[in-house]
Amino acid sequence: MTAALKADVDRRAAALFAAIDDYEEAAFIAEIDALAGELPEDDGDRLFHQACARDSWGHSDLAVPLYARALELGSLTGENRRRAVIQMSSSMRNVGRAQEALANLVAEQENGKDHLSDALDCTIALCLSTLGRDREGLSLVMTALARHLPRYNRSMANYARLLGE
């Protein structure tokens, strides 16, 4: 199997997800499963796409094991690995495993910053809120948001810092 095939599957999966609202649940999951089926059975990206499809329709309980297996295989490519950690952790929070999810996300922060870092922080904030640590979560969200504001960046970053103290 080539990297080109994985990239093609990723591209076509992204197009399907962009049109998700045009599908009924069963049809969408079947489309993703068929697309993912072009990859070998033990391929992390295959399981990742299948997990995403279930997750997108609110089936966190079905998605978590697929994400976990995809990560366990160690064969996820590109940003799919980081997305799998974020999305699995969000789903874990949904099924009552917020503390474990938070630990996964905090460990993922050690892998550096990228274009998904704000999503990572927002998911951490959700876990913190679920665990009764709302101020700490709000601080993270405000810090992430402050970088994108057209004005008041410094003020909002300072307010976020004070919330976290």
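Every chain is numbered independently, its residues counted from 1 as its sequence is written. pLDDT decides what is reported in this predicted model: residues at 70 or higher carry local features, side-chain atom pairs at 80 or more are listed and counted, and totals for whole chains, interfaces and linings draw on all residues regardless. The side-chain values count all of the structure's non-hydrogen atoms but skip hydrogen atoms and water molecules.

Draft legend 1. Region of interest: helix H3 (residues 44-56). Over its 13 residues, H3 extends 18 Å from the first C-alpha to the last, a length consistent with the 18 Å expected when each residue adds 1.5 Å. Partly exposed residues are those whose accessible area sits between 20% and 50% of the maximum for their type, while under 20% is buried and over 50% is exposed, using a 1.4 Å probe and protein chains only. Only runs of H or I of at least four residues qualify as helices and only runs of E of at least two qualify as strands under DSSP, and these elements are numbered from the N terminus. Taken across its 13 residues, H3 has twelve buried, putting it largely inside the fold. Turning to H3, its buried residues number three or more, namely Gly44, Asp45, Arg46, Leu47, Phe48, His49, Gln50, Ala51, Cys52, Ala53, Arg54 and Asp55. Structurally, the start of H3 carries an N-cap: the backbone nitrogen of Asp45 is 2.9 Å from a side-chain oxygen of Asp43. Just downstream of H3 lies Gly58, where phi reads positive at about 85°. By this rule, a helix spans an expected 1.5 Å times one less than how many residues it contains. The term polar contact refers here to a pair of N or O atoms within 3.5 Å; inside protein, the definition further demands a hydrogen-donor-capable atom paired with an acceptor-capable atom, and it admits residues adjacent in sequence only when both atoms are side-chain atoms.

Draft legend 2. Structural view of the environment of Pro65. Following the sequence through the fold, Pro65 ends up in helix H4 (residues 60-73). Taking the C-alpha atoms as reference, Pro65 lies 16 Å from Ile29; in sequence the two are 36 residues apart.

Draft legend 3. Geometry of the side chain of Ser117. Along the chain, Ser117 turns up in helix H7 (residues 117-130). For Ser117, a relative accessible area of 6% gives the class buried. One polar contact links the side chain of Ser117 to the main-chain amide nitrogen of Asp114, over a distance of 2.8 Å. Throughout, a contact is declared for two residues whenever any of their heavy atoms are within 4.5 Å. Excluding anything up to four places from it in sequence, Ser117 contacts Arg82 and Gly112.

Draft legend 4. Broad picture of the packing of aromatic side chains. Here the aromatic set is Phe, Tyr and Trp, taking the six-membered ring for Trp, and pairing holds for ring centres within 6.5 Å; pairs whose planes are under 30 degrees apart are stacked, those over 60 apart are edge-to-face, and all others are tilted. Scanning the entire structure with this criterion turns up four aromatic pairs. With a centroid separation of 6.4 Å and 55° between ring planes, the pair formed by Phe28 and Trp57 is classed as tilted. Of this pair, Phe28 sits in helix H2 (residues 25-36) while Trp57 sits in the loop between H3 and H4, and the two are 29 residues apart along the sequence. Judged by relative accessible area, which is 27%, Trp57 ranks as partly exposed. Between the aromatic rings of Phe48 and Tyr67, the centroid separation amounts to 6.3 Å while the plane-to-plane angle is 50°, which identifies the pairing as tilted.

Draft legend 5. Structural detail: the pattern of salt bridges. Just to be clear on terms, a salt bridge is a Lys or Arg side-chain nitrogen sitting within 4 Å of an Asp or Glu carboxyl oxygen. Within this structure, the stated rule accounts for 14 salt bridges. The salt bridge involving Arg12 is made with Asp8; its shortest N-O contact spans 3.0 Å. In this pair, Arg12 and Asp8 are both assigned in helix H1 (residues 3-18), four residues apart and thus about one turn of the helix distant. In this structure, Arg54 engages Asp33 in a salt bridge whose closest nitrogen and oxygen atoms are separated by 2.6 Å. Separated by 21 residues along the polypeptide, Arg54 in helix H3 and Asp33 in helix H2 bring together distant segments of the chain. The class of Asp33 is partly exposed, set by a relative accessible area of 22%.

Draft legend 6. Molecular detail of the nonpolar core. Counting 22 residues, the largest nonpolar core has Phe48, Tyr67, Leu105 and Ile124 as the members making the most contacts within it. Contributions of two or more residues to this core are made by H3, H4, helix H5 (80-94), helix H6 (98-109) and H7. The element contributing the most residues to this core is H4, with five residues. When residues no more than four places from it in sequence are discounted, the contact partners of Ile124 are Leu102, Leu105, Val106, Gln109 and Leu140. Definition used in this section: a nonpolar core is a set of buried Ala, Val, Leu, Ile, Met, Phe, Trp, Tyr and Cys residues joined via side-chain atoms within 4.5 Å. If you look at the next biggest cluster of nonpolar residues, it comprises ten residues, including Ile20, Ile32, Leu35 and Leu39.

Shape is all these values report; function is a separate question.
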